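Tertiary structure, described
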Amino acid sequence: VQLVESGGESLQAGGSLRLSCAFSGGTFRNYCMGWFRRAPGKERELVCAMNWVGSSTYVLDSVKGRFIISRDNAKNTVALQMNRLNVDDTAVYYCSADLGTYRRPSVRGSDYDYWGQGTQVTVSS
């Protein structure tokens, strides 16, 4: 399985950005998908995750109402729409895949089997 993120860039606070992740090398609909981030000097954290069919999601409290995860099982892609960005959202964002048709996506990074290379998002004030 390969995951390739795109869409990261530098922008000013208050702006919006859409990250995309292209999945290949496996059966996409058999995987729960997650977006993690790692900010400088901080632990990696799960931002959003979605189960295999898109019926259950997890959203980090600090991004609720601003970030939305979505997936397209026909196109083998997962996206992260990020709105009203602030400087605390600055991080490298990683797409990840967890093999399993679970009812709810896992919130543990150790459960995810595959990772993308990451895409940098930098928000300035």
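Structure shown above.
In every chain, residue numbers begin from 1 and rise along the written sequence. It should be noted that, the model being predicted, local features are given only for residues of pLDDT at least 70 and side-chain atom pairs only at 80 or more, the latter also being counted only at that level, while totals for whole chains, interfaces and linings use all residues. To obtain the side-chain values, all non-hydrogen atoms of the structure were included, while hydrogens and water were left out.

Structural notes on the packing of aromatic side chains
Aromatic rings in a pair are described by how distant their centres are and how their planes are angled relative to each other. Aromatic pairing here means that ring centres of Phe, Tyr or Trp (its six-membered ring) are within 6.5 Å. Orientation follows from the plane angle: under 30 degrees is stacked, over 60 is edge-to-face, and everything else is tilted. Applying the stated criterion across every chain yields a total of six aromatic pairs. Clustering of aromatic rings is evident, with ring pairs tying together Phe-23, Phe-28, Tyr-31 and Tyr-114. Think of it as a cone above the ring: NZ of Lys or CZ of Arg counts as a charge over the ring if it is within 6 Å of the ring centre and within 35 degrees of the ring normal. In this structure, Arg-44 packs its charged tip against the face of Phe-36, placed 5.4 Å from the ring centre. Geometry around Phe-28 places Arg-71 over its ring, the cationic atom sitting 4.2 Å from the centre.

Quick word on the pattern of salt bridges
What counts as a salt bridge is simple: a side-chain nitrogen of Lys or Arg found within 4 Å of a carboxyl oxygen of Asp or Glu. In this structure the tally under the stated criterion is five salt bridges. When the shortest N-O distance is used, the salt bridge between Asp-89 and Arg-66 registers 2.8 Å. Of this pair, Asp-89 sits in the loop between strand E8 (77–82) and strand E9 (91–99) while Arg-66 sits in the loop between strand E6 (57–59) and strand E7 (67–72), placing them 23 residues apart in sequence. In terms of burial, Asp-89 and Arg-66 fall into one category: buried. Members of the salt-bridge network, linked through shared partners, are Arg-37, Glu-45, Arg-66 and Asp-89. A run of H or I in DSSP counts as a helix once it spans at least four residues, and a run of E counts as a strand once it spans at least two, with each numbered from the N terminus. Burial classes: relative accessible area under 20% of the type maximum marks a residue as buried, over 50% as exposed, and values in between as partly exposed (1.4 Å probe, protein chains only).

Side note on unusual backbone geometry
Even without a glycine there, the phi angle at Asn-76 is positive, about 60°. Residue position: Asn-76 is located in the loop between E7 and E8. We classify Asn-76 as partly exposed; its relative accessible area is 25%.

Quick notes on the sheet that holds strand E1 (residues 2–6)
Between any two strands, pairing holds if DSSP finds at least two bridges. Strand order in this open sheet of four strands is E1-E3-E8-E7, and the pairing throughout is antiparallel. Each edge of the sheet is formed by a strand with only one pairing partner; in this case those strands are E1 and E7. Sheet twist, expressed as the average angle between the axes of neighbouring strands with direction ignored, equals 15°. Note on method: axes are straight lines fitted to C-alpha atoms, helices fitted across the in-contact stretch only, with angles between N-to-C directions ranging 0 to 180 degrees.

Observations concerning the state of the cysteines
To count as a disulfide, a pair of cysteine sulfur atoms needs to be within 2.5 Å. Across all of its chains, the model carries one disulfide by this definition. Each sulfur in the disulfide pair Cys-21 and Cys-95 lies 2.2 Å from the other. With the S-S dihedral at roughly -80°, the linkage between Cys-21 and Cys-95 falls on the left-handed side. With Cys-21 in strand E3 (residues 17–24) and Cys-95 in strand E9, the pair connects residues that are 74 residues apart, well separated along the chain. The class of Cys-21 is buried, set by a relative accessible area of 1%. When its relative accessible area of 0% is taken as the criterion, Cys-95 is described as buried. Here Cys-32 is not disulfide-linked; the sulfur of Cys-95 is the nearest cysteine sulfur, at 12 Å. Lacking any disulfide linkage, Cys-48 is separated from the closest cysteine sulfur, that of Cys-95, by 12 Å. Owing to a relative accessible area of 0%, Cys-48 belongs among the buried residues under this scheme.

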